[in-house]
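# Observations on the model geometry
The lines below spell out each chain.
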Amino acid sequence: MTTLALHDVTVERRGARLLAGVSLALPATGAVAIVGPNGAGKSTLLRLLAGQAEPSSGMVRLGDTPLSALRPRERARSIGYVPQHFAPHWNLSVTDLVRLGAERGGGAVAGRSVADVIAAHNLVTLCARRWSALSGGERARVLLAMVLAVDPPILLADEPGASLDIRHRLALVETLAARGRDRLCVVVMHDLDLAFRHFDRIVLVDRGRIVADATADALFEDPRLDAAFGVRFVRLATEHGRLLQAAGAPPP
Ligand SMILES: Nc1ncnc2c1ncn2[C@@H]1O[C@H](COP(=O)(O)OP(=O)(O)OP(=O)(O)O)[C@@H](O)[C@H]1O
């Protein structure tokens, strides 16, 4: 059953068309990666799904309800959104930031305190530190803890692993993909190998349109991938999974 959906959505800003006639139906569970070249419209699409941006035309629905009809707190309880860029208004401590995240959704998950959330995300040693004193990777982990403090049934994350070292990025991607087993997890990703290895479904965005929406197995061999990224991919099957190696210009 579809939980979150875009119906023929177009987004125009200052005369530019960012998304053109995009439709997407997302079920209640699943790990979905959104991939595509820079400027394709991935973040715009995710912001629409999160209710952080309004379409110029078309509709965004959560179940049967237009997303725009939900109060911010109802939305925050249902949809966790990890933006690509985040800067808090005040230079708060990690504990206060996680508390803020929990309060935004009406309180931490039943039976869990803010301290429990901090422990679950391995942030105990950082809890007194202020935002300005955190590294990029630490900030990314705190941001995720803020959003997951209410354990929303839907998580939308925009390149959450971009500033993480490889060990933390792998752990994060595994956590997000595992979340898709009993919830919906939609992640914008630039790391195609991790996307194809860990996610069930891949949505390929190019120039404001969804140009492919398929299982990772099906899309791996699809030439639309090469066309969208403007490269020729060499497909490698290894004992550890599939790898895409970019090698020059795409075939004409
Ligand atoms: N408010 C705005 N006004 C005009 N153009 C915008 C606005 N916001 C985004 N854009 C443009 O829309 C296009 C899509 O932006 P978006 O951030 O959705 O792309 P993206 O696929 O997430 O890119 P990246 O991989 O670089 O993060 C880009 O060309 C961007 O410059």
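Everything here concerns the structure above.
Within every chain, residues take consecutive numbers counted from 1 along the sequence as written. Reporting in this predicted model follows two pLDDT cut-offs: at least 70 for local features of residues, and 80 or more for side-chain atom pairs to be given and counted; totals over whole chains, interfaces and linings ignore these cut-offs and use all residues.

The secondary structure content of the chain amounts to 9 helices and 12 strands. Whereas a compact globule of 252 residues would reach a radius of gyration of roughly 18 Å, the chain reaches 18 Å, a difference of no more than 12%. Counting only C-alpha atoms and orienting by the principal axes, one finds that the chain spans roughly 55 × 45 × 35 Å. To assign burial, the other C-beta atoms lying within 10 Å of each residue's own C-beta are counted, with C-beta atoms placed from the backbone; 20 or more indicates buried, 12 or fewer indicates exposed, and intermediate counts indicate partly exposed. By residue count, 39% of the 252 residues in the chain fall in the buried class. Here a helix means four or more residues in a row that DSSP labels H or I, a strand means two or more in a row labelled E, and each is numbered from the N terminus. The globule rule used here is 2.2 Å times the number of residues to the 0.38 power, and the radius of gyration it is set against is calculated over C-alpha atoms.

Looking at the secondary structure, you find F86 in the loop between β6 (79-82) and α3 (94-104). Given 16 C-beta atoms within 10 Å, F86 falls into the partly exposed group. Sequence-wise, F86 and H190 are 104 residues apart; in three dimensions their C-alpha atoms are separated by 18 Å.

Below, the discussion takes up the site of the ligand. In this analysis, residues qualify as near a molecule or strand once their C-beta atom, positioned from backbone atoms, comes within 6 Å of it. Contacts to the ligand come from R13, R14, A16, L18, G36, N38, G39, A40, G41, K42, S43 and T44. If you list the elements that add at least two residues to the shell around the ligand, you get β2 (16-27) and α1 (42-49). A total of 3 residues in the shell around the ligand trace back to one element, the largest contributor, which is α1. Basically, the charged four are Asp, Glu, Lys and Arg, the nonpolar ten are Ala, Val, Leu, Ile, Met, Phe, Trp, Tyr, Cys and Pro, and anything else, Gly included, counts as polar. Per-class residue counts for the shell around the ligand are 3 nonpolar, 6 polar and 3 charged.

So, about helix α5 (residues 136-148). Helix length check: α5 (13 residues) gives 19 Å between terminal C-alpha atoms against 18 Å at 1.5 Å per residue, within 8%. Those residues of α5 lying buried are A140, R141, V142, L143, L144, A145, M146, V147 and L148. Elements that come into contact with the buried residues of α5 comprise β6, α3, α4 (114-120) and β7 (154-158). The span one expects for a helix is its residue count, reduced by one, times 1.5 Å. We call two residues in contact when their backbone-placed C-beta atoms lie within 7 Å.

Next up on the list: helix α6 (residues 166-179). Here α6 is 14 residues long and its end C-alpha atoms lie 20 Å apart, about the 20 Å a rise of 1.5 Å per residue gives. Where α6 is buried, its residues contact β3 (30-35), β7, β8 (184-188) and α7 (192-198).

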